[in-house]
Amino acid sequence: QVQLLESGGGLVQAGNSLTLSCAASGKIFDVDVMGWYRQAPGKQRELVAFIRSGDEIVYGDFVEGRFTISRDNAKNTVYLQMSKLKPEDTAVYFCNLVARAYGWDTYWGQGTQVTVFS
């Protein structure tokens, strides 16, 4: 059973920074994509950033250079450093993993709340 444990969410003032972490555990034989999505109230879930095993990185258009995604392959952990946060970044942030356990599959974390106040 693959599990994703997210941490680092919280309440932060606009303009400040926050770092999210997501550690994957379980019988994982191979990892392709690790990433983050977010969902604000009343809105669809959207891509924040992902990083592939070949270090290809894709960011959502709204990121505009404010966020940095990285991963530690030895720990099966992905990080999202967020800076210059805006109130519109307020959302539940979900960790996403595409990995091979008993077969290739997509896994989601339970989500961590990020609230940015002005």
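Up top you'll find the structure we're talking about.
Residues numbered from 1 in each chain as written. Predicted model: local features only at pLDDT ≥ 70, side-chain atom pairs only at ≥ 80, totals over all residues. Heavy atoms only, no water.

Enquirer: Would you mind going over the pairing of strand β9 (residues 91-100) with me for this structure?
Expert: Note on strand geometry: in a regular strand, side chains alternate between the two faces of the sheet. With seven of ten residues buried, β9 is to be regarded as a mostly interior element. Note that strand β4 (residues 30-39) and β9 share nine bridges and pair antiparallel. Across the sheet, the residue bridging to V31 is A99, located in β9. Pairing between β9 and strand β11 (residues 112-117): three bridges, direction antiparallel. By the bridge assignment, V92 is partnered in β11 with Q113. Two strands pair when backbone bridges link them, and β9 and strand β10 (residues 104-108) are joined in this way by five bridges, in the antiparallel orientation. Bridge pairing in β10 places A99 opposite D105. (Buried < 20%, exposed > 50% of the residue type's maximum accessible area, 1.4 Å probe, protein only. Helix = DSSP H or I, 4+ residues; strand = E, 2+ residues; numbered from the N terminus. Pairing = 2+ DSSP bridges.)

Enquirer: Sorry, what's going on with the state of the cysteines here?
Expert: In a disulfide, the sulfur atoms of two cysteines are covalently bonded to one another. Tallied over the entire structure, the rule returns one disulfide. Two residues, C22 and C95, share a disulfide whose sulfurs are 2.0 Å apart. Residues C22 and C95 are joined by a disulfide whose S-S torsion is about -85°; by sign, that bridge is left-handed. Here C22 is found in strand β3 (residues 18-25), whereas its partner C95 is found in strand β9, with 73 residues between them in sequence. Residue C22 is classed as buried on the basis of its relative accessible area of 0%. With a relative accessible area of 0%, C95 lands in the buried category. (Disulfide = S-S within 2.5 Å.)

Enquirer: Which parts of the structure should I look at to understand the environment of G15?
Expert: Tracing the backbone shows G15 in the loop between β2 (10-13) and β3. For the pair G15 and K84, spaced 69 residues apart in sequence, the C-alpha separation works out to 4.1 Å. Once residues lying within four places of it in the same chain are set aside, the contact partners of G15 are K84 and L85. (Contact = heavy atoms within 4.5 Å.)

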